Amino acid sequence: MALRKVPSVFIKRSLFCRENVWSRRMTTKRRHREVIPEDEVRVFSGIQPTGIPHLGNYLGVIKLWVKLQEQYQDVMYSVVDLHAITVKQDPKELRENIYKMVACLLACGIDPEKSVLFLQSQVRQHAELCWILSCITTNARLGLLPQWKEKSNTKSPSVGLYTYPILQAADILLYKSTHIPIGEDQRQHLDLCEDLAISFNNKFGKVFRVPQVLFSNTARIKSLRFPENKMSKSDQSSKGRIDLTDSNDDIVSKIKSAVTDFTSHISHDKENRPGVTNLIDIHAACTGETPQDICETYSSLTTAEYKMLLADIVISEIQPIRERILWLLSDKSHLQNVLYQGQEVASVIAEDTLKDVKKLIGFI
């Protein structure tokens, strides 16, 4: 039997309704957003303990964190180990990766005197608020998020992998955070956080602030071997990324072997020259120069000569960090003390928020 063709008017009406729903949601969010005085700003962000961060993590995230702790008075950063166990982990390796991440954050410039650095699992209120928020989150709303479609192709994916955006929202809302530095790929997850803050406030009474996004101005750093993809630990080749503990020789070798093209001069052209453009973006992120200035200043260099120049720039950025990381990892008691101090501060704030939440929803 032939399928009946759906009239185009119904398709247009469906699209119009979908756009209308989106428009109403955005209007609602704008109405609930506050103008936050600078002395009331609270920045929150988290990073998974995946071991030693790579250059993309540092230039795109950690360097921004350091800048924000200088800009604002109330800044909180968490190593989000609860998120890490949404996929299978070796306990010994996870524990070591937590230490490595904390050491790297401190080595890169995160200062416990200027920001609160803590381990997510050591603040029990994260899990409690996650459960409460999950009870006002619909399955349909979670189904709109991309993470399940992207990562559920693993063998026997966990429920935690499906629901971790709710935990991510709890991480943020627990501290009544106002500003969240995130990557563009996390935008939809923050949309859920905003929706849950507004939904809870409307149903039970205002307790959460609707957070605002802080995007990094740094271009996303791509793989040195596959410049169409972002730099990642899951890269098919270790030569595609530069880790913060790589030796100077390794850095030179990886940049020299970076995929470029057959044009000898440098130019910033994402569409036609992704490899060379990625190298220029790394240069710009390290020095603060614009890609245009870099291209003009080094227009006389061949691509091979430019790679050697860039290697020296990256080494000057990474070498002191590498040395501090190795020194910090030799004293794990210091790392534990930093996390303990951060946990004490975070727990007080978290408990105050959770008391407000429990009272509003009817708990004794």
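Quick note: structure is the one above.
Residues numbered from 1 in each chain as written. Predicted model: local features only at pLDDT ≥ 70, side-chain atom pairs only at ≥ 80, totals over all residues. Heavy atoms only, no water.

## Some details on the pairing of strand E3 (residues 116-119)
(1) Moving on: Where burial is concerned, the two faces of E3 agree: the one with Val116 and Phe118 and the one with Leu117 and Leu119 are both buried.
(2) Moving on: Here strand E2 (residues 75-79) runs beside E3; their pairing, made up of 4 bridges, is parallel. The partner of Val79 across the bridge, within E3, is Leu119. (Buried < 20%, exposed > 50% of the residue type's maximum accessible area, 1.4 Å probe, protein only. Helix = DSSP H or I, 4+ residues; strand = E, 2+ residues; numbered from the N terminus. Pairing = 2+ DSSP bridges.)

## Notes on unusual backbone geometry
(1) Moving on: Unlike most non-glycine residues, Lys176 shows phi in positive territory, near 50 degrees.
(2) Moving on: Relative to the elements of secondary structure, Lys176 occurs in the loop between helix H8 (159-173) and strand E4 (179-182).

## Digging into the side chain of His179
(1) Moving on: Note that His179 resides in strand E4.
(2) Moving on: With a relative accessible area of 9%, His179 lands in the buried category.
(3) Moving on: A polar contact is formed between the side chain of His179 and the side chain of Thr178, at a distance of 2.8 Å.
(4) Moving on: Excluding residues within four positions of it along the chain, His179 makes contact with Ile36, Val41, Arg42, Val43, Phe44, Gln212 and Leu214. (Polar contact = N/O pair within 3.5 Å; in protein donor to acceptor, adjacent residues only side chain to side chain. Contact = heavy atoms within 4.5 Å.)

## As for the environment of Ala103
(1) Moving on: Its location among the elements puts Ala103 in helix H4 (residues 91-108).
(2) Moving on: Counting along the chain gives 223 residues from Ala103 to Leu326, while the straight-line C-alpha distance between them is 8.2 Å.
(3) Moving on: With residues near it in sequence (within four places) discarded, Ala103 still touches Ile325, Leu328, Leu329 and Leu335.

## Considerations on H8
(1) Moving on: In this model H8 runs 22 Å from its N-terminal to its C-terminal C-alpha over 15 residues, within 8% of the 21 Å that 1.5 Å per residue would give.
(2) Moving on: Along H8, the largest kink reaches about 40 degrees and is centred on Pro165. (Expected span 1.5 Å × (residues − 1). Bend = angle between axes of the 7 residues up to and from the residue.)

## Some words on the pattern of salt bridges
Oppositely charged side chains are able to pair whenever their charged atoms sit close together.
(1) Moving on: Applying the stated rule across the entire model yields 13 salt bridges.
(2) Moving on: With its nearest N and O atoms 3.1 Å apart, the salt bridge here joins Arg124 to Glu351. Residue Arg124 is located in the loop between E3 and helix H5 (125-134), and its partner Glu351 is located in helix H14 (residues 332-361); the two are separated by 227 residues in the primary sequence.
(3) Moving on: A residue is classified by how much of its surface remains accessible, and Arg124, at 48% relative accessible area, is partly exposed.
(4) Moving on: Linking Asp356 and Lys176 is a salt bridge whose minimum nitrogen-to-oxygen distance equals 3.2 Å. Taken together, the positions of Asp356 in helix H14 and Lys176 in the loop between H8 and E4 put the pair 180 residues apart, joining distant regions of the chain.
(5) Moving on: Here the residues in one salt-bridge network are Arg124, Glu128, Glu351 and Lys358, joined through shared partners. (Salt bridge = Lys/Arg side-chain N within 4 Å of Asp/Glu carboxyl O.)

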